[in-house]
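# Observations on the three-dimensional arrangement
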Amino acid sequence: MNKEQFDIMKNRKGFIAALDQSGGSTPKALALYGISEDSYNGEEEMFTLVHEMRSRIVTSPAFSSEHILGAILFEQTMDRKVDGLYTADYLWEKKRIVPFLKVDKGLDAEADGVQLMKPNPDLDTLLAHANERHIFGTKMRSVIKSANREGIKKVVAQQFEVGKQIIAAGLIPIIEPEVDIHSADKAESEAILKEELLLALDALNPDQFVMLKISIPSVADFYKELIAHPQVVRVVALSGGYSREEANEKLTHNPGLIASFSRALSEGLSAGLTDDEFRTTLAESIQSIYDASIV
């Protein structure tokens, strides 16, 4: 583990940029960026276009360690280069931004009110490759649709089981049990989730550390016990489908919770913008998310 990167993630002000759209979400991300599906043929062209979008973001002067602590990458992004360097090396060497990697393989079908992660039998191989690419930590997502205690228990158990595998590989896992913002019993789901997370955190050894990525809670300051837990490096929030303005506003009611936004970060960016327009739009987005994250 890189001690300097650990210190940045634990103590510095800022937020995490989520640039980890995978194969399933990439077409939507490109469409929002102004590139329609009929503009490319096949996955290779699609991933090349989304890498160009991500490269334009990370090479912008606005994308700096003044406001951004870390960036979450998709596996394809990790193995591509920015200005001649592998993306993680570019982020750290040129920007002093800590690189993370999305490692889950997507979601299983809903059962017991949740979607667990799909099996990931090649995870150890991916983690070894992540270490070769100088990745600091990982991210993996599950989804909670309703306040089903058994389902939520399964989500947390799976996340921490895989999290310990990631810790053993020398990386810091971002555990992401997303609660669907459209759930009719979102607040109840969050109450169960907090209980289960605290139990799982209390069971960790003193040398086992995790990060948490969660939906912005319905009750203000609801996750303060998670934020203060000694085994938690940082708790970050996903935008979850909220607009940037709405996500930022909700974030300000949760001291210590910082952003890890994807769609909200890139909101307003378009392939058709001039370099000056792109830089200005991105700078305004980054500043607003930073301001909401340092309350």
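For the structure itself, consult the block above.
Computed from a predicted model, the values in this text were never measured in an experiment. (Residues numbered from 1 in each chain as written. Predicted model: local features only at pLDDT ≥ 70, side-chain atom pairs only at ≥ 80, totals over all residues. Heavy atoms only, no water.)

Let us look at the overall build of the protein chain. Helices and strands together make up the secondary structure of the protein chain, namely 12 helices and 11 strands. Overall, the C-alpha framework of the protein chain stretches about 50 × 40 × 40 Å when taken along its three principal axes. Considering the protein chain as a whole, with its 295 residues, one finds that 55% of them fall into the buried category. Total accessible area on the protein chain is roughly 12400 Å²; 49% of this is exposed by carbon and sulfur atoms. (Helix = DSSP H or I, 4+ residues; strand = E, 2+ residues; numbered from the N terminus. Buried < 20%, exposed > 50% of the residue type's maximum accessible area, 1.4 Å probe, protein only. Areas by Shrake-Rupley, 256 points an atom, 1.4 Å probe, with all protein chains shown as cover.)

Axis separation between helix H7 (residues 149-168) and helix H8 (residues 186-202) bottoms out at 10 Å; the angle between their running directions is 35°. The two elements H7 and H8 meet at a crossing, and its hand is right-handed. Contacts from Arg149, Ile152, Lys153, Val156 and Phe160 of H7 reach H8 at Ser189, Ile192, Leu193, Glu195, Glu196, Leu197, Ala200 and Leu201. For the contact of H7 with H8, the class distribution of residues is eight nonpolar, one polar and four charged. (Axes fitted to C-alpha atoms, helices over the stretch in contact; angles between N-to-C directions. Left-handed = near helix turned anticlockwise from the far one by under 90°. Contact = heavy atoms within 4.5 Å. Nonpolar A, V, L, I, M, F, W, Y, C, P; charged D, E, K, R; others polar.)

Before going further, it helps to spend a moment on the environment of Asp112. Examined against the element boundaries, Asp112 turns out to sit in the loop between strand E5 (98-102) and strand E6 (114-115). Residue classification places Asp112 among the partly exposed positions, given a relative accessible area of 36%. Between the alpha carbons of Asp112 and Ala228 there is a distance of 30 Å; along the sequence they are 116 residues apart. Setting aside residues up to four positions removed in sequence, Asp112 forms contacts with Asn148, Gly151 and Lys154. Within the structure, Asp112 has its side chain in polar contact with the side chain of Lys154 (distance 2.7 Å). (Polar contact = N/O pair within 3.5 Å; in protein donor to acceptor, adjacent residues only side chain to side chain.)

Scanning the model with the defined rule gives one cavity of 30 Å³ or more in all. Surrounding the largest cavity, Leu19, His51, Arg54, Ser55, Val58, Leu73, Thr77, Val82 and Thr87 form its lining. Looking at the lining of the largest cavity element by element, the count peaks at four residues for helix H3 (residues 42-58). The class makeup of the residues in the lining of the largest cavity is four nonpolar, four polar and one charged. (1 Å grid on protein atoms, 1.4 Å probe; cavity = no way out; pocket = protein on both sides within 12 Å on 5 of 7 lines; lining within 4 Å. Points joined across faces, edges and corners; volume = space filled by probe spheres on them.)

For the rest of this paragraph, the subject is unusual backbone geometry. With a phi close to 65°, His134 is a non-glycine residue in the positive phi region. Turning to its location among the elements, His134 is positioned in the loop between helix H6 (123-132) and strand E7 (137-144). Classification of His134 as partly exposed rests on a relative accessible area of 48%. With a phi angle near 60°, Asp221 is a residue other than glycine that sits in the positive phi range. Among the secondary structure elements, Asp221 is positioned in the loop between strand E9 (210-215) and helix H9 (224-228).

So, about the packing of aromatic side chains. Applying the stated rule across the entire model yields four aromatic pairs. When the centroid spacing of 5.5 Å and the interplanar angle of 70° are considered together, the rings of Phe6 and Phe209 count as edge-to-face. Highlighted residues: Phe6 in helix H1 (residues 3-11) and Phe209 in the loop between H8 and E9, separated in sequence by 203 residues. The exposure class assigned to Phe6 is buried, which follows from its relative accessible area of 18%. Arranged with centres 5.4 Å apart and planes meeting at 65°, the rings of Phe222 and Tyr223 form a pair that is edge-to-face. The pair Phe222 / Tyr223 is uniform in exposure class, with both members buried. Stacked on the ring of Tyr86, the Lys or Arg Lys81 has its end atom at 4.9 Å from the ring centre. In this arrangement the basic side chain of Lys194 is found over the ring face of Phe222, its NZ or CZ atom lying 3.8 Å from the centre. (Phe/Tyr/Trp six-rings, centres within 6.5 Å; stacked < 30°, edge-to-face > 60°. Lys NZ or Arg CZ within 6 Å of the ring centre and 35° of its normal.)

Below, the discussion takes up helix H10 (residues 244-251). Turning to H10, its buried residues number three or more, namely Arg244, Ala247, Asn248 and Leu251. Down the axis, H10 shows its buried residues gathered within 100° of arc, on one side only. Where H10 is buried, its residues meet strand E10 (232-238), strand E11 (258-261), helix H11 (263-266) and helix H12 (275-293). (Arc of directions from axis to C-beta.)

Let's shift gears to the pattern of salt bridges. Within the structure shown, the criterion is met by 15 salt bridges. The residue Arg96 makes a salt bridge to Glu4 at a minimum N-O spacing of 3.3 Å. Residue Arg96 is found in the loop between helix H5 (87-95) and E5, and its partner Glu4 is found in helix H1; the two are separated by 92 residues along the sequence. Put simply, Asp180 and Lys145 hold a salt bridge, and the shortest N to O gap is 3.3 Å. Of this pair, Asp180 sits in the loop between strand E8 (172-179) and H8 while Lys145 sits in the loop between E7 and H7, and the two are 35 residues apart along the sequence. Among the residues examined, Asp180 registers a relative accessible area of 16% and is labelled buried. Relative accessible area serves as the criterion here: at 29%, Lys145 is assigned to the partly exposed category. (Salt bridge = Lys/Arg side-chain N within 4 Å of Asp/Glu carboxyl O.)

This is a description of form; function is not addressed.
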